[in-house]
Structure formats: structure tokens, C-alpha cells
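Chain residues, written in single-letter form:
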Amino acid sequence: MLNFKEKIAEEISKATNLNKEELENYIEVPKDSAMGDYAFPCFKLAKELRKAPPAIAAEIYEKLEMDKEAFSKVEIVGGYINFYTNSTALVKDVLSQYNEKKEKYGDSEIGKGKNVVIDYSAPNIAKPFHIGHLRSTVIGGALYNVYKFLDFNVTGVNHLGDYGTQFGKLIEGYKMWGDEYDIDSNPIDELTKIYIRINELCKQDENVLENCRNNFKKLEDKDPYCVEIWERFRKLSLKEFQRVYDMLGSTFDSWNGESFYSDKMQEVVEILEKSGRLVESEGARVIELENMAPCIIEKTNGSTTYATRDLAAILYRARNYDFDKALYVTSYEQVLHFKQVFEVAKLLGIDKKYTDGLEHVAFGMVRLKEGKMSTREGIIIKLEDLLKEAISRAEKVIEEKNPELENKEDVARKVGIGAVIFNDLSNSRIKDEIFDWDAMLNFQGETGPYIQYIYVRTKSVLEKAGYVPKFEDIDINELTDEASTNVIKTIANFSNTLEQVVDKNEPSILSRYLIDLSQSFSSFYNANKIIGEDKEKQDARLYLTYVVGNILKTGANLLGIQMPDRM
């Protein structure tokens, strides 16, 4: 099998005496195929060779001896050397690789022997699981899937918000008004009412707020009454959350939330004391940091903070998971928090490998048209309601377009939830998202339902033909037309796409790829008659259709989207 990037790197290495593996990492796939199938940016060598990129390109070009069976043309454009693959060689190489790997096509061994911990979702117990939690859940879930596909050993952690001052507030509210609310039958909604009510009272009465803070201190000190109420709230909340996770297909390897570290924080405090950096400030204990606010380790009443618990988690994860990367998938509002925590983690006495592997995977907020959501103020949209509405709207579309469709409910579930997930993952994660029903559930254009529709089209073509030809029986020369090779080139970029996803921790790269593959197949479908009188053409085009469908399914599944067989 040909490895075009390796061949290019080999020839450039001969021409420059530079490391082949490093050169291979520089090779790009141009967005515009008119600029070649692969491109080598010579500006990467400008500093080392002390020459202008166009001059480097010209010198390398003169020394290149490219395999004419693999490459049809090599050109210089400015500081780039562009390589055009031989269509027949490309088609044979890509499809033979697919035939060998099948559903594992696109994987690699870049993750072999490497451990990754991904901390994602992490809703607060006793609060609604609202659309603000959607982003962390689906971004983290997609990264979990892609890392695993690329052979990393991955641990997905749902670091539940099940500790902190808000529980002191809930305990106080429950003490005062618990009998007024039917918590067992409708736990989250009723606890939310208590939370909103106690927050209002805290604004009016400083003594009530102080009682709430003391309740949390009692919880940390294992006061039986506070622990009993807290355990009840946690158990009821997890039962509610699981319904949403079942709808999204979300799974986790660990549910160790903040409370798990309640007996592990004292060690953190002791280590920081020994470092000589833990100092008193206005009654609290903090670590002073350069160019940012101090990191509070203990509050004035001796209770711990988010930072203390996150530091305890880093210590625990380093010891138990031996991680190469530890990703924290949370909103960009927590950028300062994680900068502080990662800096203080350097004082914990753990190997530099662990502190170097800490990474905050920040994302933009989901906002309502009316402004920012707030549980305290009661301005939220519950995620379960959103998903049910998406399914309901998908059902209406299916009823209009295909009323005779079997398993309409199952299809509507896959289409509706797929639309929500894809919408969230279709743009750069760092962008804010203004929540809008029409935008979220648009079934036209570059959406999840469009990808599902193209997948269903591949299935229906194969079903109509009644068979999938064997790779050994197809004539590669029947797939060298422009529409076919455009599909093949897109398929060839699947593995590179997945590697970019983990390199940048950016699932939208895969979302964009699936749209590109769907659009290139649509052009191929419109340009070529797949089922026809010419058996050789039919077999070749059917095989390509089969490959596209499977890659669309693999890619969508990695994003957390299920594919219907019919629509």
C-alpha cells in the first residue's frame, strides 16, 4: 500500500538531509484540490536553512525524484511544493486500505501506550440538567470516542458538582420549608424552587447566608443530619440525570464527583503548607500567583474551595490513571480558575509529565435570546425538554415527508437528537451559541439530518442493487473520473481528520469532514449512474457507495450521533 505523505517526506529528506518523520508532520492537505492533493510548506524550514521559502522550494524541487506511478505532477507555488497524486494509484491505495481495515478504517496507533483522562459533563446535583450542560457533555463525549478510536487508553470522568456552598443553601432551605415541597415525586424541580427561594432570602438576610456557609462546613465535618440530606439529594438527582444520559447515549467510566475528594483535600493542604507558599490573606489561606489573582485554598471559616477539590483530583488522577493528558471540558468562564489550579498543581510534588498534560478544553456559553441562564433566577431550559422537543419536531417532519415509514419513533429519536448534537459540534467550540429553536432544529443545509439523509441514500442504493461487490472484483479504473476521485480524496483524509481532532481537542473538525464527505458523495451520485447496464461500472460505484456509507456512520457515531437505516 502507498503512503503518499511518507513518500513525499522521503524525497524531501533526501534533498535536504532533514529528519523524514519531522518532515512528514509538516505535510498538509490543501483545502482547494486545485492546489494539489498534498502540499509541503517550505516556510517551516526557513529558520533552519536560513533561506526564503520560495528559494527553498526551488532547490528542493530540482532534487526531487518522484515516483511517477504515485504522482502525476509536482508544482511550486510561492513557498509551497504541491504534489498531485496519480488518480489510479490513489483510488487503489485508499480502497485497498479500507478493504483491509473496514470499520477500523481511519484509526491509527498514535495513542498506543498513552493514557488520557477526560473530565466532562459534570452537572450540579439538585439543580436542573439544562442546555448549558449540553456542550460539555457532547464535546467531552465526542473527544472520548475519537481518542479511544485512535488507540488511547481513555478514562471518562463525570466530576459531578455534588459538594460546595450551594448544598449549604439547599440544606438551610430544606430545614426551613422542606415540608412544603414534594421532593420525592419531582426532585429536581422542587429542589430548584427551594434553591431560588433561599437565594432570595440570602440576598435580604446576611445571617441566613452565614447559616448556609456553616451548613456546608458541617457537611465537610460529617454532621449526620447534613450528610443524610445531601445523600438523599444526590441519589434523587442521579436518577433524573440518567434519563438524559440515556437519551444522548452518554457513558462514563467514573462518577467520582467533588465529594469523592472530601477526605483527600487535607493532604493537598499539608503539601502546600510544606511548600512554604500557603499564606493567610484576610482570614483565608491562599497561594499567591504571578500575573493573576491568588488561588484560595481554604475560606475564612476553614471550608474548602473548588480549587482545593480540583487539586486533590489531579493528585488522585496522576496516581491512579498515570495520565499523559488530563482534559477539563468546561466553559471559558473558568479559564482563570484552571490557570490558577494548573499553576498550583506544580507545587504538589508530582512528576512534570502530569502538570504538562493538564489542559482546559474551553467552550463558549449557550445563551438564551433573553441573556445568560441562571438557576438562581430560574431562567433555564431543561435539556430533557429540549431533546423531547427535537424528537417531536422530527416526528412532524417525517410524518409530512414519509408517513408510511416504519419505526417512525425510533427514526425521529435518532434524527432529533442527532440534530441537536451536530448543531452543538458543528462550529468551533470556543464560539458562544445563542440558543434558538429554529436554528437548533433546522433540517436543511449543513446539519446532522443532512448527513443522516446521505447515509440513508447509500443504504437504499445498496439495497436496490441487492449486493455489495467484493473489493477484489472491482475495476479501479472505473473510479478515476473527477467526481469519484473527489470522494476518494475526502475518504483518504479521514485518519488525518481524526488526528487533528485530538491534536486540537476540536470535534467540529470531524463535523466539517462529514459535511464535506456527504457533499462530495452527493456530487458523485448526481454525476454518475450507479446502477446501470455496465456491470464493471456498477460494481465499482457500488463499492464506493458502500465505503462512504460506512465512514459516515463511523464518523457520526464518534460524534455521538446514531444513524437511521431509513428516513
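Presented here is an overview of the structure given in this document.

Rules behind the numbers
Residues numbered from 1 in each chain as written. Predicted model: local features only at pLDDT ≥ 70, side-chain atom pairs only at ≥ 80, totals over all residues. Heavy atoms only, no water. Buried < 20%, exposed > 50% of the residue type's maximum accessible area, 1.4 Å probe, protein only. Helix = DSSP H or I, 4+ residues; strand = E, 2+ residues; numbered from the N terminus. Arc of directions from axis to C-beta. Contact = heavy atoms within 4.5 Å. Polar contact = N/O pair within 3.5 Å; in protein donor to acceptor, adjacent residues only side chain to side chain. Axes fitted to C-alpha atoms, helices over the stretch in contact; angles between N-to-C directions. Left-handed = near helix turned anticlockwise from the far one by under 90°. Nonpolar A, V, L, I, M, F, W, Y, C, P; charged D, E, K, R; others polar. Pairing = 2+ DSSP bridges. Salt bridge = Lys/Arg side-chain N within 4 Å of Asp/Glu carboxyl O.

1. As for helix α4 (residues 53–63)
Three or more residues of α4 are buried, namely Ile56, Ala57 and Ile60. Here the buried residues of α4 occupy an arc of 100° about the axis, which is enough to place them on one side.

2. Concerning the environment of Lys489
Along the polypeptide, Lys489 turns up in helix α19 (residues 482–492). Each C-alpha atom, one on Lys489 and one on Ser87, is 9.4 Å from the other, the two residues being 402 residues apart in sequence. With residues up to four places along the chain from it excluded, the contact list for Lys489 reads Ser33, Asp37 and Leu90. There is a polar contact of 2.9 Å between the side chain of Lys489 and the side chain of Asp37.

3. Quick word on the packing of α19 against helix α22 (residues 535–559)
Where α19 meets α22, the axes come as close as 11 Å, and the angle between the chain directions of the two elements is 35°. Judged by the sense of rotation from one axis to the other, the crossing of α19 with α22 is left-handed. On α22, the residues touching Ser484, Val487, Ile488 and Ile491 of α19 are Leu544, Val547, Val548 and Ile551. In terms of residue class, the contact of α19 with α22 is built from seven nonpolar, one polar and no charged.

4. Section: the environment of Phe152
Within the secondary structure, Phe152 sits in the loop between α6 (134–149) and β5 (153–157). Phe152 gets classed as buried once you look at its relative accessible area, which sits at 10%. Non-local contacts of Phe152, meaning those with residues more than four positions away in its chain, are made with Ile110, Gly111, Lys114, Val116 and Tyr147.

5. Thoughts on the sheet that holds β5
Hydrogen bonds along the backbone pair up the strands of a sheet, which may run parallel or antiparallel. Here four strands make up an open sheet; going across it, the order is β5-β4-β9-β10 and the pairing parallel. Each edge of the open sheet carries a strand with a single partner, namely β5 and β10 (358–363). The sheet shows a mean angle of 20° between the axes of neighbouring strands, direction not considered. As defined by bridge partners, strand β4 (residues 115–119) adjoins β5 across five bridges and the pair is classed as parallel. Paired with Val116 across the bridge in β5 is Val154.

6. Thoughts on the side chain of Ser508
Its location among the elements puts Ser508 in helix α21 (residues 508–527). Beyond its immediate sequence surroundings of up to four residues, Ser508 is in contact with Leu425, Ser426, Asn427 and Ser428.

7. Overview of the pattern of salt bridges
Following the criterion strictly, the structure yields 43 salt bridges and no others. Linking Asp67 and Lys7 is a salt bridge whose minimum nitrogen-to-oxygen distance equals 3.5 Å. Of this pair, Asp67 sits in the loop between α4 and β2 (71–77) while Lys7 sits in helix α1 (residues 4–16), placing them 60 residues apart in sequence.

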